[in-house]
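# Summary of the model geometry
What follows is the residue order along each chain.
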Amino acid sequence: MARKVLVLHGPNLNLLGRREPEKYGSTTLDEINHGLVEKGRQSGALVETFQSNSEADLVERVQQLMDAPVDFVIINPAAFTHTSVAIRDALAAVRVPFMEVHLSNVFAREPFRHHSYFTDLAVGMICGLGPRGYELALEYALGRP
Ligand code: DQA
């Protein structure tokens, strides 16, 4: 059975490429997603991507993993990183191992970005490496035993 990885993107990440490029770079979300799907394909893995600006949609997509599990989740919760007990609880409920990714170095930014509702539950956290962070998270996911 092919390994399955779900990549979740939170609010405003649909604007990547046009949104504060000095912080988030010029790569679009489509380009990031395409690269991840292709990288998965080369390893015989299935990579699915999902972006939503809605907390409820993200909670529901995570809840679906209860009945249709994946091997690993890569999540950039974006602003919900700092606010969402609901997405955190959904990830805890489905018990899927996950990596938290941020394009920017959240610790070099405003103090309210220094706290995450996800990091203590995550396998790990990558921040500050731009789109490369997603690639490294996927390499890790694909290399897990
Ligand atoms: C972000 C960092 C968050 O603080 C911010 O709200 C985002 C993007 C990042 O990828 O650097 O929307 O998650």
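Above this text is the structure in question.
This is a predicted model, so every value here is computed, not measured.

The rules behind each value
- Counting from 1, residues in each chain are numbered in the order their sequence is written.
- Residue-level local features of this predicted model are given only where pLDDT is at least 70; pairs of side-chain atoms are given and counted only at 80 or more, and the full residue set underlies all totals for whole chains, interfaces and linings.
- Note: side-chain values were computed over all heavy atoms of the structure, leaving out hydrogens and water.
- Counting from the N terminus, the helices are DSSP H or I runs at least four residues long and the strands are E runs at least two residues long.
- As a reference, a globule follows 2.2 Å times the number of residues to the power 0.38, and the radius of gyration itself is taken over C-alpha atoms.
- Nearness of a residue to a molecule or strand requires only that one of the residue's heavy atoms be within 4 Å of it.
- In protein, a polar contact requires one atom able to donate a hydrogen and another able to accept it; more generally it is a pair of N or O atoms within 3.5 Å, and residues adjacent in sequence count only if both atoms are side-chain atoms.
- Here the accessible surface of atoms and residues is derived via Shrake-Rupley with a 1.4 Å probe, and residues count as covered only by protein chains that are part of the display.
- Residue polarity is assigned by list, with Asp, Glu, Lys and Arg as charged and Ala, Val, Leu, Ile, Met, Phe, Trp, Tyr, Cys and Pro as nonpolar; anything else, Gly included, falls into the polar class.
- What a helix should span is 1.5 Å times the count of its residues minus one.
- Relative accessibility decides the category of a residue: with a 1.4 Å probe and only protein chains considered, values under 20% of the type maximum give buried, values over 50% give exposed, and everything between is partly exposed.
- Should any heavy atoms of two residues lie within 4.5 Å, those residues are counted as being in contact.
- For two strands to be treated as a pair, DSSP must find no fewer than two bridges joining them.
- A fitted line through C-alpha atoms serves as each axis, taken over the contacting stretch for helices, and the angle formed by two N-to-C directions is quoted from 0 to 180°.
- Orientation categories follow fixed angle ranges, with anything under 35 degrees roughly parallel, anything over 145 roughly antiparallel, 65 to 115 roughly perpendicular, and all other angles oblique.
- Take a side-chain nitrogen of Lys or Arg and a carboxyl oxygen of Asp or Glu: if they are within 4 Å of each other, that pair is a salt bridge.

## Looking at the overall build of the protein chain
Across its full length, the protein chain holds 5 helices and 5 strands. Reading the protein chain from its N terminus to its C terminus gives the helix and strand order β-α-α-β-α-β-α-β-β-α. At 14 Å, the protein chain has a C-alpha radius of gyration in line with the 15 Å of a compact globule built from 145 residues. For the C-alpha atoms alone, the extent of the protein chain along its principal axes is close to 40 × 30 × 25 Å.

## A short note on the site of the ligand
As a structural note, the neighbourhood of the ligand is formed by R19, Y24, N76, A78, A79, H82, H102, L103, S104, V106 and R113. One of the backbone N or O atoms of L103 is found 2.8 Å from an oxygen atom in the ligand. Residue S104 places a side-chain N or O atom 2.6 Å away from an oxygen atom belonging to the ligand. Relative to its free-state accessible area of 320 Å², the ligand is covered by the protein chains to the extent of 99%. Of the residues belonging to the shell around the ligand, the class tally is 5 nonpolar, 4 polar and 2 charged.

## Side note on unusual backbone geometry
The phi dihedral of N12 is positive, around 75°, even though this residue is not glycine. By the element assignment, N12 lies in the loop between β1 (4-9) and α1 (21-24).

## Considering helix α5 (residues 132-143)
With 12 residues, α5 should reach 16 Å at 1.5 Å per residue; the first-to-last C-alpha distance of 16 Å fits that figure. Of all the residues in α5, the buried ones are G133, Y134, A137, L138, A141 and L142. Lining the buried residues of α5 we find β1, α2 (29-42), β2 (46-51), β3 (72-76), β4 (98-102) and β5 (124-127).

## Remarks on the pairing of β3
Consecutive side chains of a regular strand alternate in pointing toward one face of the sheet and then the other. Among the 5 residues of β3, 5 are classified as buried, and the element is accordingly described as predominantly covered. Across the two faces of β3 the burial is the same, with F72, I74 and N76 and V73 and I75 all buried. Relative to β3, β1 runs parallel, the two sharing 5 bridges. Looking at the pairing, V7 lines up with I74 of β3.

## Comments concerning the packing of helix α3 (residues 55-63) against helix α4 (residues 85-94)
Axis separation between α3 and α4 bottoms out at 9 Å; the angle between their running directions is 5°. Between α3 and α4, the angle falls in the class roughly parallel. Taken together, the residues of α4 that come into contact with α3 (itself represented by E55, L58, V59, V62 and Q63) are A86, I87, A90, L91 and V94.

## Topic: the pattern of salt bridges
Inspection of the entire model under this criterion finds 9 salt bridges. Between K23 and E20 there is a salt bridge; the shortest N-O distance is 2.8 Å. The class of K23 is partly exposed, set by a relative accessible area of 34%. Taking the relative accessible area as the measure of exposure, E20 reaches 33% and is therefore partly exposed. Across the pair R88 and D120 runs a salt bridge, and its minimum N-O distance is 2.8 Å. Of this pair, R88 sits in helix α4 while D120 sits in the loop between β4 and β5, and the two are 32 residues apart along the sequence. The exposure class of D120 is exposed, given its relative accessible area of 57%. Bridged by salt links that share partners, the residues K39, R132, E135 and E139 form one connected network.

Remember that the coordinates give geometry; whether it matters functionally is a separate question.
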